[in-house]
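# Residue-level structure breakdown
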Amino acid sequence: MLTALTVKNASCPEGQHHARLHDGNGLYLEVRRLKRTAGFSKTWYYKFRMNGVESRATLGSYPEVSLTLAREKRSDAAKRVRQKIHPKLSPAKVVDSTPKQVITFRDVAEDWFKNRSPRWSQSHTTREKRNLEKDLYPELESKPIGEITASDVLKAAQGAEKRGSLDVAHRIAKTARGVFEFAIACGHIQINPAAATRNALRKHSKKHYSAITQPTVFGKMLNAIDAYKGGEIVRTALKLTLMFFQRPTELREAKWTEFDFQNNLWTVPARRMKREFDGKAHGDDHIVPIPTQAIELLMHLKKHSRGSEYLFPSIRSRTRPISDGTLRAALQTLGFSGDLQTVHGFRASARTMIDERLKFDPRVIEAQLAHSVKDTQGGAYNRTKFVNQRKKMMQAWADYIDQMRMGLITDDSLDDDDQ
C-alpha cells in the first residue's frame, strides 16, 4: 500500500525509462523522467482483465489526482469491469452502444512480450525490450492499436536511423511487426501497419567479420598471440578459438564437464548453441573433435583455471567466464584492429583456408561450423555422420596452424592440383 508521502517523493531511477509503484488491486502510479525538463510525470493507472484480455485505464495525473482520489477512481473502475463495462467508456457510450475495448499499443506489446520472451535467448529478450522502451513506446505507447498507421511506426524506427544505427532501425521495425502480427492473431486488428516499413527505411549493409586468410599474415598473428603478456587464460582462449573456430560465446562459456578426454571430443550443449528456441530445447548437442595440439593447451590451461568449472574464468570471479570483450581487447592490444581481424572472424579464416588450401569437403567444414548442412536431395545431414571426417580435418587444421606459425607456408603455396 502506498502513502501520500511515498507518492509525493516518487521518482524514476537514473537510466530507467519509467518506474511503477503499486498500491494493490490493480492500482499503480507510473513515474516517468521528463526528457526536456528536470522532474517527473506521475500518472495513475488501473490494470484489469476483461474477456480474457489484459488492459489498463488511465485515472489521471498526480497531484491533480491524489492517492485518495485515485483509490476512489479505481473502485469505480473495478465496479464497471464487474459489470462487463470497459472503464474507458463514458456513461453515454455505455447506454448508446455496445461497449468496445480500447486496446493501446503498449497493452498488446506487453502481452506479446510476455507470450514470446520465454522462447528467446537472454540477449534477444534484452534487445526486444530495449526496442520497445527506447523507441516504440515513446511514439506509440498510448495510441489505440487500431489507429496506428505505417507512418507512425516509421517515425518510431527513424529515431535510430537518425542516430546513425541503420541496423537498429530495421530491428525496431521488425519488433513492431511482431507486435502487430500478435494483435492480428488476437483479433484486435486486421492489417499490419508495420509491414510497409520494410522498404521505407534506408538499407543496411550486412556486416561481415574481418578475417585474415593469407598464411603469412596469419602466421604473424599466431606469433603475436604466443607473445601476448595479458595472462595464460586469455592467451590460451585466443589459441583455442582460432583452432576450434566455434562461435566466441560457445568457447568463452565452455565448462570442463563438456570435454571427453578419453575420446578427445568437446560436446557443446544444444542450449548454448545459436539456434531457435526449439533447437536449443530439443536439438542435438554439437560435437567438436579435439586435435592433439588442443589437448596440450587444455592440460596446460587446467593449471591456471583456479578450480573453476569454466575453462576461462574471469579474473574477478572464478564463478563467471571472461567477458565477451576480453578477447576482442586482446586482439586490439596485439595490433589487430576490428577492420583487420575479429574474434568471430576466426571462423571465416578457418573456413576459407581449410576449403581453399586443405581441400576438405565444404559440407564437413559447414558441419564443424554448426551450420545447416544439406544432402543432394536437400535433406539435412545428421552431423554425427561427419565426426570421423571432422577429426581428420581438425587435426589437419591444427597441423597447418603450426606450419603457418613457423613460416613454412607462403601465400601462393597451394597443393599440387593448383600448380
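Above: the structure in question.
Reading the values: the criteria
- Residues numbered from 1 in each chain as written.
- Predicted model: local features only at pLDDT ≥ 70, side-chain atom pairs only at ≥ 80, totals over all residues.
- Heavy atoms only, no water.
- Helix = DSSP H or I, 4+ residues; strand = E, 2+ residues; numbered from the N terminus.
- Buried < 20%, exposed > 50% of the residue type's maximum accessible area, 1.4 Å probe, protein only.
- Contact = heavy atoms within 4.5 Å.
- Areas by Shrake-Rupley, 256 points an atom, 1.4 Å probe, with all protein chains shown as cover.
- Salt bridge = Lys/Arg side-chain N within 4 Å of Asp/Glu carboxyl O.
- Phe/Tyr/Trp six-rings, centres within 6.5 Å; stacked < 30°, edge-to-face > 60°.
- Lys NZ or Arg CZ within 6 Å of the ring centre and 35° of its normal.
- Pairing = 2+ DSSP bridges.
- Axes fitted to C-alpha atoms, helices over the stretch in contact; angles between N-to-C directions.

## Here's the deal with the overall build of the protein
Scanning the protein for helices and strands turns up 16 helices and seven strands. Within the protein, the proportion of its 419 residues that are buried is 44%. If you take every contact in the protein between residues at least 6 apart in sequence, the share linking residues at least 24 apart comes to 58%. About 22,700 Å² of surface is accessible on the protein, with carbon and sulfur atoms providing 49% of the total.

## Digging into unusual backbone geometry
A negative phi holds for most residues other than glycine; trans holds for most peptide bonds. In this model, Tyr62 is joined to Pro63 through a cis peptide bond whose omega is 15 degrees. With respect to the element layout, Pro63 can be found in the loop between β4 (53-61) and α2 (67-82). In this structure, Lys84 is a non-glycine residue whose phi angle is positive, near 65 degrees. By secondary structure assignment, the location of Lys84 is in the loop between α2 and α3 (91-96). Positive phi values are uncommon outside glycine, yet Phe245 reaches one of about 40 degrees.

## As for the pattern of salt bridges
As enumerated under the stated definition, the model contains 26 salt bridges in all. A salt bridge links Glu30 to Arg32, with the nearest nitrogen and oxygen atoms 2.9 Å apart. Here Glu30 and Arg32 have matching classes, each one buried. One salt bridge connects Lys255 with Glu309, and the closest N-O pair in it is separated by 3.5 Å. With a gap of 54 residues between them, Lys255 in the loop between α10 (248-252) and β5 (259-260) and Glu309 in the loop between α12 (292-302) and α13 (326-333) connect regions that are remote in the sequence. Classification of Glu309 by relative accessible area gives partly exposed; the value is 43%. Through salt bridges with shared partners, one network takes in Arg20, Glu30, Arg32, Arg56, Arg106, Glu110 and Glu141.

## What to know about the packing of aromatic side chains
One pass over the structure, following the stated rule, counts 13 aromatic pairs. For the pair Phe113 and Trp120, a centre-to-centre distance of 5.7 Å together with 75 degrees between the ring planes defines the contact as edge-to-face. The exposure class assigned to Phe113 is buried, which follows from its relative accessible area of 19%. Ring plane angle 55 degrees and centroid distance 6.4 Å describe the contact between Trp256 and Phe259, whose orientation is recorded as tilted. Residue classification places Phe259 among the buried residues on the basis of a relative accessible area of 8%. Grouped by ring-pair contacts, the aromatic residues Phe244, Trp256, Phe259, Phe261 and Trp266 constitute a single cluster. If you follow Arg56 out to its NZ or CZ, it ends over the ring of Tyr45, 3.7 Å from the centre. Seen from the ring of Trp256, Lys302 lies directly overhead, with NZ or CZ sitting 4.2 Å from the centre.

## Description of the pairing of strand β6 (residues 265-268)
Where β5 meets β6, two bridges bridge the pair, whose relative direction is antiparallel. Following the sheet pairing, Asp260 is matched in β6 by Leu265. As consecutive antiparallel partners, β5 and β6 are separated by four residues, and within that stretch Asn264 has a phi angle of approximately 55 degrees, a positive value. Where β6 meets strand β7 (residues 286-289), four bridges bridge the pair, whose relative direction is antiparallel. The residue of β7 that forms the bridge with Trp266 is Val288.

## Section: the environment of Arg390
Residue position: Arg390 is located in helix α16 (residues 387-405). Taking the C-alpha atoms as reference points, Arg390 and Asp361, separated by 29 residues in sequence, lie 9.8 Å from one another.

## Section: the sheet that holds β7
Pairing in this open sheet of three strands is antiparallel, and the strands run β5-β6-β7 from one edge to the other. A single partner strand is all that each edge strand has here, and the edge strands are β5 and β7. Here α16 sits on the sheet in contact with β6 and β7, set at roughly 40 degrees to β7.

## Some details on the sheet that holds strand β1 (residues 18-24)
Read from one edge to the other, the open sheet built from four strands follows the order β1-β2-β3-β4, with strand pairing classed as antiparallel. Among the strands making up the open sheet, the edge pair consists of β1 and β4. Sheet twist, expressed as the mean angle between neighbouring strand axes with direction ignored, is 30 degrees. Alignment of β1 against strand β2 (residues 27-33), held across six bridges, turns out to be antiparallel. Paired with His22 across the strands is Tyr28, a residue of β2.

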